[in-house]
Protein chains: 2
Amino acid sequence: MRTRVKKLFVNAKELDQQVVTLMGWVKTNRAQAQFGFLNINDGTYFDNVQIVYDEKLNNFNEISKYRVGMSVQVIGKVILTPEMKQPLEVHAEEITMLGDCPETYPIQPKRHTREFLRDVAHLRPRTNLFNAVFRIRSVAAMAIHQYFQDNGYLYVHTPLITCADCEGSDQMFKISTLDMKNLPLINGKIDFTKDLFGKQAFITGSGQLHGETFAMAFSDIYTFGPTFRTENSNTKTHANEFWMIEPEMAFCDIHELMDIEEEMLKFVVQYVLNTCPLEIQFCDQFVAKGLKEKLQKLLDSKFTRISHHEVIDILNKANVKWEFLPNYEEDIAKEHEKYITEYFNGPVFITDWPKDIKAYYMKLNADGKTVAAVDLVVPQAGELMGGSQREEDLDKLLSRMKELNINSEEIDWYLDTRRYGGCVHSGFGMGFERLVMYLTGIENIRDAIPFPRTPKNCEF
Amino acid sequence: MRTRVKKLFVNAKELDQQVVTLMGWVKTNRAQAQFGFLNINDGTYFDNVQIVYDEKLNNFNEISKYRVGMSVQVIGKVILTPEMKQPLEVHAEEITMLGDCPETYPIQPKRHTREFLRDVAHLRPRTNLFNAVFRIRSVAAMAIHQYFQDNGYLYVHTPLITCADCEGSDQMFKISTLDMKNLPLINGKIDFTKDLFGKQAFITGSGQLHGETFAMAFSDIYTFGPTFRTENSNTKTHANEFWMIEPEMAFCDIHELMDIEEEMLKFVVQYVLNTCPLEIQFCDQFVAKGLKEKLQKLLDSKFTRISHHEVIDILNKANVKWEFLPNYEEDIAKEHEKYITEYFNGPVFITDWPKDIKAYYMKLNADGKTVAAVDLVVPQAGELMGGSQREEDLDKLLSRMKELNINSEEIDWYLDTRRYGGCVHSGFGMGFERLVMYLTGIENIRDAIPFPRTPKNCEF
């Protein structure tokens with residue numbers, strides 16, 4: 001049985017002087033005349049294991065030439081080295097090559113640009129940087145499940161395929177099983193009755209409406225799944241496929257919503273700090289200086305809660321020449337978000353937005369002008385979550401849909417949540433890559449997701 | 001602050017004689033002349049809370065008329081009732097209606113057929129049956145994450161959008177942002193350079209190939225996400241959108257693969273039995289008699305491991321008139337799976353399948369005829385997982401792809417896993433709905449997923 005590298009480090013004391021079998025990939029090889037050092041890793045732990053080998057091994061000359069990227073098996077004795085930089089090393093008794101690797105291997109122990117690494121997205125997880133980023137991503141995903149399940153939430157798998165066009169088909173991918181080269185026509189139009197679902201189908205961009213129907217049964221639910229946008233925009237923060245979390249809570253108003261968002265984010269940050277100390281340390285050192293301090297600070301901070309109107313007041317009073325003038329009727333720009341998080345020196349909930357720039361399902365406030373929406377903006381990353389109390393009044397909801405020309409018939413089932421035992425309820429959405437970028441300091445969404453899909457870019 | 005129903009039951013002793021505020025939906029209301037019983041639930045717990053109300057409440061007459069499905073707030077004193085069937089009741093001091101519900105509410109406290117409930121899929125989670133099924137589904141999902149994360153696996157989000165046509169575009173949904181009513185043409189063909197990714201795109205049916213590239217960096221990885229099939233087949237076990245788990249392990253042969261599958265399944269079953277005793281009890285009573293015993297038995301059993309060849313031997317010797325004759329060169333039928341699990345009285349791993357009926361990436365055995373594939377079949381549910389050791393030899397892999405006319409250029413990146421430090425590795429896939437059906441006894445996949453998508457059926 002092989003010992004995983006993680007176990008070797010975690011159970012180092014118990015394994016001292018024991019002979020173990022390791023399997024992994026060569027990270028570096030420094031060979032001298034009578035001995036050498038092979039650094040290997042199997043990816044289960046951030047740090048490599050140092051293997052010491054010497055000329056007593058009958059294939060010493062071969063081992064001396066082992067190249068980076070090869071897979072090897074090492075049988076050797078664990079020796080604790082408390083006086084050294086690394087806590088242990090393994091003195092090899094036998095080293096065997098399992099899989100060769102040519103000199104042309106693209107991932108060499110040197111600095112590669114992130115642009116280059118995107119071109120070898122299938123190999124980049126073998127670098128320290130992406131080992132750290134994708135481990136943090138995995139652990140953060142687990143933290144999210146842990147938080148919601150510990151608090152009794154139901155994980156709902158809402159459907160991605162939809163035939164309701166209410167989001168506007170321009171914003172959704174169309175999906176089809178029809179032969180695109182030979183589309184069936186009827187009266188000059190595509191005959192979608194021949195398609196798998198008997199009508200035109202799309203990939204939806206949100207599970208919120210379905211989530212709400214489950215919140216009306218289980219009180220507290222969340223979704224966590226892939227999401228699609230057709231935006232043709234090439235920025236550091238846009239991808240056409242990404243993952244999103246959408247919790248929805250019955251009997252919950254906007255104030256409790258903010259409590260939950262704050263508690264969840266702190267839980268996730270604490271969980272990642274506890275579980276990935278080496279990875280965070282690496283990102284702090286090589287990706288975003290001060291990362292660890294930023295995350296620690298978040299844990300101790302009380303998030304500010306302030307209305308959109310008050311934010312505009314502050315921006316207007318600021319002695320700053322804005323590129324975009326602050327406006328009580330409009331969204332705030334990135335420069336405003338940045339100013340506000342610096343002004344309050346921490347995360348800020350911005351509430352009560354002008355209704356005209358927000359979605360139809362948000363609860364209309366008593367002023368008739370604003371809705372009970374809330375965006376969480378955080379230092380550096382900007383908007384991290386967007387949520388609202390939902391309009392539970394069927395008549396108000398219908399009249400808002402009418403104003404915005406939204407076909408209510410297609411989602412009549414959704415309106416049943418207001419007809420049958422409706423209640424005050426709230427929910428939010430969090431883009432998972434945005435969170436990963438916040439947790440790692442990575443600045444481009446293409447480096448926060450394993451195989452990014454962006455306009456004109458769908459490789460691998 | 002409201003007390004959730006789950007907390008009320010779990011912390012009953014501490015809450016005895018305390019006044020609590022509950023919010024939930026009316027499940028039943030039995031009103032008498034001077035008092036009445038209101039059963040409510042907020043969906044956080046399987047059992048309802050019995051609220052006792054009497055004529056001292058000034059809105060007693062109104063409450064007496066409260067209808068099923070209304071949402072209500074109850075303030076009342078918790079009274080433990082160890083002598084009764086239910087462990088506690090709440091003596092109401094105040095009951096308020098939060099949201100009305102008309103008499104036409106489709107979910108009444110009576111038996112509804114599952115077919116009817118599929119037509120109100122947005123309301124069916126409010127029934128006992130779907131409360132149990134979807135809670136078990138959520139808990140099983142968590143159990144899967146827990147198992148893999150506890151064992152150091154990396155959770156990878158593999159992409160759903162792909163431009164590689166290697167699966168055969170007939171088996172995949174095509175996706176597009178083009179205007180289907182006005183497709184851009186070039187030389188009489190659709191001009192996909194105008195599409196978002198600059199070429200034709202699909203939704204993939206598996207994350208395995210991407211998963212393998214991550215296993216070559218992290219050793220142990222898993223995916224867990226939605227999966228799509230275009231099959232036009234209306235059966236109890238087919239859906240066009242479902243969730244799948246695909247673990248992939250480096251330095252792992254087919255024997256270790258089976259160890260992992262067995263350990264994982266037992267972990268998930270134990271986790272669900274521990275976490276959902278009431279839901280399992282309900283399913284045992286109303287969905288599949290003997291369910292609990294079946295699951296308990298699985299925990300104590302050692303899974304049989306037997307080759308496909310030996311299975312055919314057993315089937316041939318059996319004194320059964322088969323609909324499909326057992327054949328050494330072919331797949332086994334449902335009737336065979338059933339016989340074999342009954343023969344061994346438990347789960348069976350069937351290994352070493354004829355290469356011609358299995359996928360190109362499976363490891364060719366020394367006999368040159370079979371591959372190191374393994375299917376796990378379990379009593380009642382049939383095939384639950386399918387996996388294999390992967391062909392790590394690049395030349396053998398390429399020649400197998402050539403035989404099957406698979407374009408290797410489109411997935412050249414995948415072949416790098418064999419070029420750069422390749423190693424023995426294995427993986428499997430498990431359909432999550434199949435698992436949910438096994439855990440609940442539910443017989444139709446349409447009842448194991450919140451909003452099923454099947455041919456001609458894409459409502460909600």
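Up top is the structure.
Residues numbered from 1 in each chain as written. Chains lettered and ligands numbered in written order. Predicted model: local features only at pLDDT ≥ 70, side-chain atom pairs only at ≥ 80, totals over all residues. Heavy atoms only, no water.

## Some points on the overall build of chain A
Just so we agree on the cut-off: Strands are runs of DSSP state E lasting at least two residues, helices are runs of H or I lasting at least four, and both sets are numbered from the N terminus onward. Each residue is assigned to one of three classes by its accessible area relative to the maximum for its type, calculated with a 1.4 Å probe on protein chains only: buried under 20%, partly exposed between the two thresholds, exposed over 50%. The contact rule is simple, with two residues in contact once any of their heavy atoms fall within 4.5 Å. What sets the accessible areas is the Shrake-Rupley method with a 1.4 Å probe; for residues, cover comes only from the shown protein chains. Positive charge is attributed to Lys and Arg, negative charge to Asp and Glu, and no charge count is given to His or to the chain ends. We put the charge of a Lys on NZ, of an Arg on CZ, of an Asp on CG and of a Glu on CD.
Helix and strand counts for chain A come out as 14 helices and 18 strands. Dimensions along the principal axes, computed over C-alpha positions, put chain A at roughly 85 × 60 × 45 Å. Sorting the 460 residues of chain A into buried and exposed places 61% on the buried side. Pairs at least 24 residues apart make up 67% of the contacts formed inside chain A by residues separated by at least 6 positions. Surface exposure of chain A reaches about 19100 Å², of which carbon and sulfur atoms provide 48%. Of the charged side chains in chain A, 52 are positive and 65 negative; the average position of the first set lies 5 Å away from that of the second.

## Examining the interface of chain A and chain B
Note the cut-off: Once two parts are brought into contact, the accessible area they lose, counted with a 1.4 Å probe and summed over both, makes up the buried area. We count a salt bridge whenever a side-chain nitrogen from Lys or Arg sits within 4 Å of a carboxyl oxygen from Asp or Glu. In the analysis that follows, any N or O atom pair within 3.5 Å is treated as a polar contact, provided that within protein one partner can donate a hydrogen and the other can accept it, and provided that, for residues neighboring in sequence, both atoms belong to side chains. Note on residue classes: Ala, Val, Leu, Ile, Met, Phe, Trp, Tyr, Cys and Pro are nonpolar, Asp, Glu, Lys and Arg are charged, and everything else, Gly too, is polar. By definition, two strands form a pair when at least two bridges between them are found by DSSP.
Taken together, the 108 residues of chain A in the interface contact 108 residues of chain B. Between chain A and chain B the total buried area reaches about 9100 Å² when both faces are included, carbon and sulfur atoms providing 63% of it. The tally of links between chain A and chain B comes to four salt bridges. Measuring nitrogen to oxygen at the nearest pair gives 3.3 Å for the salt bridge that ties A:Glu459 to B:Lys199. Joining chain A to chain B, the criterion identifies 43 residue pairs in polar contact (both at pLDDT 80 or more). The class makeup of the residues in the side of chain A that touches chain B is 54 nonpolar, 34 polar and 20 charged. Note that strand β8 (residues 173–176) of chain A and strand β8 (residues 173–176) of chain B share three bridges and pair antiparallel. Note that in β8(B) the partner of A:Ile175 across the bridge is B:Ile175.

## A look at the relation of the copies chain A and chain B
The condition that has to hold: Least-squares fitting of one copy onto the other uses the C-alpha atoms of those residues that reach a pLDDT of at least 70 in both copies.
Between chain A and chain B, which share one sequence, the superposing operator has a rotation angle of 180 degrees and an axial displacement of 0.0 Å; the RMSD is 0.0 Å. Each copy turns onto its partner about a two-fold axis. Using C-alpha coordinates, one finds that chain A approaches the rotation axis most closely at A:Ile175, a distance of 2.2 Å.

## What to know about the sheet that holds strand β5 (residues 88–99) of chain B
Residue and element names in this part refer to chain B. Let me state the cut-off plainly: Note on geometry: axes are lines fitted to C-alpha atoms, helical ones only across the stretch in contact, with angles between N-to-C directions running from 0 to 180 degrees.
Strand order in the closed barrel formed by five strands is β1-β2-β3-β5-β4, with mixed pairing between adjacent strands. Neighbour-to-neighbour, the strand axes of the sheet open up by a mean angle of 55 degrees, direction not taken into account. Bridge count between strand β2 (residues 35–41) and strand β3 (residues 49–54): six bridges; the pairing is antiparallel. Along β3, the bridge assignment pairs Asn39 with Gln50.

## Focus: the packing of helix α8 (residues 277–286) of chain A against helix α9 (residues 291–300) of chain A
Residue and element names in this part refer to chain A. Here is the rule: Note on angle classes: values under 35 degrees are labelled roughly parallel, values over 145 roughly antiparallel, values of 65 to 115 roughly perpendicular, and the remainder oblique.
Look at α8 against α9: their axes get within 7 Å of each other, and the N-to-C directions meet at 120 degrees. One element, α8, and the other, α9, form an angle in the oblique class. Between α8, through Ile280, Gln281, Cys283 and Asp284, and α9, the contact on the second element is made entirely by Leu291, Lys292, Glu293 and Leu295.

## Here we look at a negative patch on the surface
Worth spelling out the cut-off: Patch membership needs two things, relative accessible area over 30% and no salt bridge, and members are linked within 9 Å if like-charged or within 5 Å if nonpolar (Val, Leu, Ile, Met, Phe, Trp, Tyr).
Residues A:Asp165, A:Asp170, A:Glu409, A:Glu410 and B:Asp179 make up a contiguous surface patch of negative charge. Here B:Asp179 shows up in the loop between β8 and β9 (185–186).

## Looking at the pairing of strand β4 (residues 71–80) of chain B
All names here are of chain B. By the criterion of burial, β4 is predominantly enclosed, with eight of the ten residues buried. As defined by bridge partners, strand β1 (residues 19–31) adjoins β4 across seven bridges and the pair is classed as antiparallel. From the neighbouring strand, Val20 faces β4, where its bridge partner is Gly76. Taken together, the ten bridges between β4 and β5 define a ladder with antiparallel strand orientation. Of the residues in β5, the one forming a bridge with Val74 is Ile95.

## Quick look at the packing of aromatic side chains
Here is the rule we go by: Pairing of aromatic rings covers Phe, Tyr and Trp, the last counted by its six-membered ring, and requires centre-to-centre distances within 6.5 Å; plane angles under 30 degrees mean stacked, over 60 mean edge-to-face, and any other angle means tilted. By the criterion adopted, a ring carries a charge over it if an Arg CZ or a Lys NZ lies within 6 Å of its centre and within 35 degrees of its normal.
Under the definition given, this model contains 62 aromatic pairs over all chains. Taking the centre distance of 4.7 Å and the plane angle of 15 degrees together, the rings of B:Phe9 and B:Tyr45 count as stacked. Residue B:Phe9 is located in helix α1 (residues 5–10), and its partner B:Tyr45 is located in the loop between β2 and β3; the two are separated by 36 residues in the primary sequence. What links up through ring pairs into an aromatic cluster is the set A:Tyr147, A:Phe148, A:Tyr153, A:Tyr155, A:Tyr222, A:Phe267, A:Tyr271, B:Phe224, B:Trp243 and B:Phe432. The positively charged end of A:Arg124 is found above the aromatic ring belonging to A:Phe130, 4.5 Å away from the centroid.

## As for the packing of helix α5 (residues 128–150) of chain B against helix α7 (residues 254–275) of chain B
Residue and element names in this part refer to chain B. We count it as follows: Handedness of a crossing is defined here by the sense of rotation of the near helix relative to the far one, left-handed for an anticlockwise turn of less than a right angle and right-handed for a clockwise turn.
One can describe the packing of α5 onto α7 by two numbers: an axis separation of 9 Å at closest approach and a directional angle of 135 degrees. Taken together, the axis directions place α5 and α7 in an arrangement best described as oblique. For the crossing formed where α5 meets α7, the hand is right-handed. Mapping the contact onto sequence places Ile136, Val139, Ala140, Met142, Ala143, Ile144, Gln146, Tyr147, Phe148 and Asp150 in α5 and Ile260, Glu263, Met264, Phe267, Val268, Tyr271, Val272 and Thr275 in α7. For the contact of α5 with α7, the per-class residue count stands at 14 nonpolar, two polar and two charged.

## Some details on the sheet that holds strand β6 (residues 154–155) of chain B
Residues and elements named next belong to chain B. On the basis of which strands lie adjacent, the open sheet formed by eight strands has the order β6-β12-β13-β18-β17-β16-β15-β14 and mixed pairing. With partners counted over all chains shown, the strands left at the sheet margins are β6 and β14 (304–307), one partner each. Here six bridges tie strand β15 (residues 348–354) to strand β16 (residues 370–378), and the two strands are oriented antiparallel to one another. Across the sheet, Val348 pairs through a bridge with Val377, a residue of β16. Packing against the sheet, α7 makes contact with β13 (241–250), β14, β15, β16, β17 (382–389) and β18 (425–431), and its axis sits at approximately 15 degrees to β16.

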